[in-house]
Amino acid sequence: MPQAVAGPEIERLIQLLARMPGLGPRSARRAALQLIKKRETLLAPLADAMRIAADRIVVCQECGNVDTQDPCTICRDQSRDPSMLVVVEDVSDLWALERSGAVTARYHVLGGVLSALDGVRPENLNLGRLVERVSRPEMREVILALNATVDGQTTAHYVTELLTHLPIKVTRLAHGVPVGGELDYLDEGTLSAAIRQRTAF
Ligand code: ZN
């Protein structure tokens, strides 16, 4: 453990920042210093925004997205195509697809993928609600926008089996998604091409 260079409050700030994805201890120190230098214009508003978010964030009971309202903003959006659902592993994938602007429908967040290694079983995923939603009479298509990892594809097969009795089309993203690729790391163009050129599962 390197010796502390600041009081415990600042050390705590650095330690918390260091837990953010993409920030190691060194970047966390840099970020903390920037926040401290910009106390009025950055640190205080950020602290306010975080407090408000921490108080108000809820999981959408309809789709599993996170928002400050339930149903979430996307589920409430009446302009979205009700005949289609885009199934994703995580909220980060939903955000990535929204950034691409290629999805005009609503989503369903599984909250993970099946994994023998990590002990993730079907009952750990948001699957019951998915079957319920896909069973609605207006539903025509489910797009499996799962990561091109082994676990993602195992999950895609499982979900397809689960929905096989329903009169809907199940499609998946085109192969523009690199094997082992995670949606969150793809650029918007690749993502929207993958949605447009989706193939029957
Ligand atoms: Zn929702």
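Below is a summary of the structure that appears in this document. (Residues numbered from 1 in each chain as written. Predicted model: local features only at pLDDT ≥ 70, side-chain atom pairs only at ≥ 80, totals over all residues. Heavy atoms only, no water.)

Topic: the overall build of the protein chain
Part 1: Helix and strand counts for the protein chain stand at 8 helices and 7 strands.
Part 2: Each principal axis of the C-alpha distribution contributes one length, and for the protein chain these read about 65 × 35 × 35 Å.
Part 3: Every one of the 201 residues in the protein chain was classed for burial, and the buried ones make up 37%.
Part 4: For the protein chain, contacts bridging at least 24 residues in sequence account for 55% of all contacts bridging at least 6.
Part 5: Here the protein chain has roughly 12000 Å² of accessible surface; of this, 55% comes from carbon and sulfur atoms.
Part 6: For the protein chain, the distance from the average site of its 23 positive side-chain charges to the average site of its 25 negative ones is 4 Å. (Helix = DSSP H or I, 4+ residues; strand = E, 2+ residues; numbered from the N terminus. Buried < 20%, exposed > 50% of the residue type's maximum accessible area, 1.4 Å probe, protein only. Contact = heavy atoms within 4.5 Å. Areas by Shrake-Rupley, 256 points an atom, 1.4 Å probe, with all protein chains shown as cover. Lys, Arg positive; Asp, Glu negative; His and termini not counted. Charge placed at Lys NZ, Arg CZ, Asp CG, Glu CD.)

Details of the pattern of salt bridges
Part 1: Inspection of every chain in the model, using the stated rule, returns 9 salt bridges.
Part 2: For the salt bridge of glutamate 62 with arginine 129, the shortest nitrogen-to-oxygen distance reads 2.4 Å. On the criterion of sequence distance, the pair formed by glutamate 62 in the loop between strand S1 (58-59) and strand S2 (66-67) and arginine 129 in helix H6 (residues 128-134) is long-range, its members being 67 residues apart.
Part 3: For arginine 129, a relative accessible area of 23% puts it in the partly exposed group.
Part 4: Ionic pairing is found between arginine 133 and glutamate 62, a salt bridge with its closest N-O pair at 3.3 Å. On the criterion of sequence distance, the pair formed by arginine 133 in helix H6 and glutamate 62 in the loop between S1 and S2 is long-range, its members being 71 residues apart. (Salt bridge = Lys/Arg side-chain N within 4 Å of Asp/Glu carboxyl O.)

Some details on the pairing of strand S6 (residues 169-172)
Consecutive side chains of a regular strand alternate in pointing toward one face of the sheet and then the other.
Part 1: Judged from the 4 bridges that link them, strand S5 (residues 141-144) and S6 form a sheet pairing that is parallel. For valine 142, the partnering residue across the bridge sits in S6 and is valine 170.
Part 2: With helix H7 (residues 150-162) bridging S5 and its parallel neighbour S6, the resulting β-α-β unit is right-handed.
Part 3: As paired elements, S6 and strand S7 (residues 199-200) share 2 bridges and run antiparallel to each other. Within S7, the residue paired with threonine 171 across the bridge is alanine 200. (Pairing = 2+ DSSP bridges. Right-handed = clockwise from strand over helix to strand, strands pointing away.)

Quick look at the pairing of strand S4 (residues 105-109)
Part 1: In terms of residue burial, S4 counts as a mostly covered element, since 5 of its 5 residues are buried.
Part 2: Direction of pairing for strand S3 (residues 81-88) relative to S4: parallel, over a ladder of 5 bridges. Note on S4: the bridge partner recorded for valine 86 is tyrosine 107.

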